[in-house]
Amino acid sequence: MGTTNKDEHKVELRNLIEKFESQTAEANNEHKAEVRKLNSRVEILTKEKELQKEQYESQIAELDSTIRGIEFRKSDPGNRQKRTGTLVETLKTS
């Protein structure tokens, strides 16, 4: 009777070990899948960030060019003369 009881415990222990190993493998697979999913999301966000950075840099360059053009027109003596003449004409007609 002692041997049967001992054999039953061995079988029960083996079943518990198999169940544990199975659950551990499943949890490990789920973890790996989640890590792959998160890495993919990080890649997407990194690409979006780079794209936004390029768009902002382009907008800054465009605005900088516009500002330089305005500053050039302000500093151009011939342009200043034209603006002054236009201002005088505007005042005369008002």
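Look up a bit, the structure's there.
Please read all numbers here as calculations on a predicted model, not as lab measurements.

(A) Spatial organisation of the overall build of the chain. Helix and strand content of the chain: two helices and zero strands. Across the 94 residues that make up the chain, the buried fraction comes to 1%. Total accessible area computed for the chain in this model is approximately 9000 Å², and 56% of it derives from carbon and sulfur atoms.

(B) Structural view of the pattern of salt bridges. In the structure shown here, the tally under the stated rule is one salt bridge. Measuring nitrogen to oxygen at the nearest pair gives 3.2 Å for the salt bridge that ties Arg68 to Asp64. Of this pair, Arg68 and Asp64 are both found in helix α1 (residues 2-75), four residues apart, which corresponds to roughly one turn of the helix. Judged by its relative accessible area of 33%, Asp64 falls in the partly exposed class.

Each value, and the rule that gives it
Residues numbered from 1 in each chain as written. Predicted model: local features only at pLDDT ≥ 70, side-chain atom pairs only at ≥ 80, totals over all residues. Heavy atoms only, no water. Helix = DSSP H or I, 4+ residues; strand = E, 2+ residues; numbered from the N terminus. Buried < 20%, exposed > 50% of the residue type's maximum accessible area, 1.4 Å probe, protein only. Areas by Shrake-Rupley, 256 points an atom, 1.4 Å probe, with all protein chains shown as cover. Salt bridge = Lys/Arg side-chain N within 4 Å of Asp/Glu carboxyl O.

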